[in-house]
Amino acid sequence: MFSPTPLSLFCALFLFLPLTFVVTNNITTTTTTAKTTAPISTITSRRSLETISLKKYHSTQNHHQKLLIKTVIPLTPPPPLPEDDRSLLKLAARVNPRPLLHPKKVAFLFLTTTPLQFAPLWELFFSQASKNLFNIYIHADPTRTYDPPFSGVFFNRVIPSKPTQRYSPTLISAARRLLAHALLHDPSNAMFAILSPSCIPLHSFKFTYETLIRSRKSFIEILKNEERTFERWAARGMDAMLPEVKLEDFRMGSQFWVLTRKHARIVVDEERIWLKFNQTCVERHACYPEENYFPTLIHMRDPRGTVSASLTHVDWEGSFDGHPRMYEADEVELELIMAMRNSRPRYGYDGINGSDLPVTKQNDPFLFARKFSPESIEGLMSIAKEAILKD
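Residues numbered from 1 in each chain as written. Predicted model: local features only at pLDDT ≥ 70, side-chain atom pairs only at ≥ 80, totals over all residues. Heavy atoms only, no water.

Next up on the list: the nonpolar core. Counting residues in each nonpolar core, the largest one holds 54 residues, and the members touching the most others are Phe108, Phe154 and Phe372. The element contributing the most residues to this core is helix 3 (residues 119-127), with five residues. Once you skip the residues sitting within four places of it in the chain, Phe108 turns out to touch Phe125, Phe126, Phe134, Asn135, Ile136, Tyr137, Ala193, Leu195, Phe205 and Phe368. Core analysis: the next-biggest nonpolar cluster, separate from the first, contains 43 residues, Val95, Leu109, Leu297 and Ile298 among them. (Core = buried A, V, L, I, M, F, W, Y, C linked by side-chain atoms within 4.5 Å. Buried < 20%, exposed > 50% of the residue type's maximum accessible area, 1.4 Å probe, protein only. Helix = DSSP H or I, 4+ residues; strand = E, 2+ residues; numbered from the N terminus. Contact = heavy atoms within 4.5 Å.)

So, in structure tokens, the structure goes:
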């Protein structure tokens, strides 16, 4: 009677072992629509099949046999992002606080209730860059109409958005929503810059990118003992902010900041201080929560991780109803852009200033500027290549 040897048994087993498995999986894109003329979509990533080499080793006392099986396995499709803010933020808070992929990217976060009138200028700005160096995210109030619709580099970049209103915490919510989507969308997003529709770039993409990516700190204006600090602290009621936010911890600053990935995660993860700011103001004239929440939070959590200044130029002389000066079309000229470039940010004065350098020796450049009237786009485009986008 024939007795199989160990070698023949191994060969028989090997013949029945499938060498290649190919599994396909179609990943669909979830789309959310709103009552606007612009396409409002959930940003999703189409993830292709990844080839994974599995290594199996058969060992004997004196021999190691390497068996290489090449298997094509689909990456698990990402689940749809939660629609409610609490679940969305909770999910975003789990991301790694450090960028996982290279090159690092800058996330440009546009918070708007109007069409992006300066889209042609931003198109020129982004055309200078490789697409693997930046991402764009837009929060667009779904109760508004966007005509012209978002197109070009802004097409399909609108996250699921909710209504926003001045003198309320809704602008904070919108910014947190933008940060959450940017954190979850791309692990290589390293710096997060929030912008308004009236913002323009003041430098080339290369200069802007290098300035932000080489920084290990956030750029956020954190001001202490400003005029009307007490009014703003007490805007929700005399004791509404206590005990979490004492008056001595309350800070003011520009709502336009650039945060590191670490600080972006702190913002989406934080709840205790947010609950204090997420209250209705009883003093509407003193209610600008978006100018207080972010400076107060970062001051309380990691002041040394910041440069206490905004990199968005603004002129508060001649301000009206809480709005800074708006530059009109006849004011747009080369000299204006150069004057903005040569200006120096205002730095906080908490003693440490969030920086290793004394304030007197800091000279960070303004990267953006506001507010410009929609009619000024023609003048801006005429000097874009020779001034704005040239360094």
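Taken as a whole and judged by the stated rule, the model has 13 salt bridges. Salt bridges here are not isolated pairs; linked through shared partners, they connect Asp85, Lys162 and Arg177. (Salt bridge = Lys/Arg side-chain N within 4 Å of Asp/Glu carboxyl O.)

Within strand 5 (residues 189-195), seven of the seven residues are buried, leaving the element largely enclosed by the surrounding structure. With three bridges connecting them, strand 5 and strand 8 (residues 258-260) associate as antiparallel partners. Bridging across to strand 8, Met191 finds its partner in Thr260. (Pairing = 2+ DSSP bridges.)

Turning to the state of the cysteines, a few remarks are in order. Linking two cysteines covalently through their sulfur atoms gives a disulfide. Summed over all chains, the structure comprises one disulfide. The disulfide bridge from Cys281 ends at Cys287, spanning 2.1 Å between sulfur atoms. Measuring the twist about the S-S bond at about 65°, one finds the Cys281-Cys287 disulfide to be right-handed. Grouping residues by exposure puts Cys281 and Cys287 together as buried. (Disulfide = S-S within 2.5 Å.)

As a further point, take the packing of helix 4 (residues 170-185) against helix 7 (residues 261-269). Relative to each other, helix 4 and helix 7 sit at 125°, their axes nearing to 9 Å. As summarised for this structure, helix 4 and helix 7 are arranged oblique, according to the angle between their axes. Helix 4 and helix 7 meet at a crossing whose hand is left-handed. Seen from helix 4, the contacting residues are Arg176, Leu179, Ala180 and Leu183; seen from helix 7, they are Arg261, Ala264, Arg265, Val267 and Val268. Looking at the contact of helix 4 with helix 7 residue by residue, the classes come out as six nonpolar, no polar and three charged. (Axes fitted to C-alpha atoms, helices over the stretch in contact; angles between N-to-C directions. Parallel < 35°, antiparallel > 145°, perpendicular 65-115°, else oblique. Left-handed = near helix turned anticlockwise from the far one by under 90°. Nonpolar A, V, L, I, M, F, W, Y, C, P; charged D, E, K, R; others polar.)

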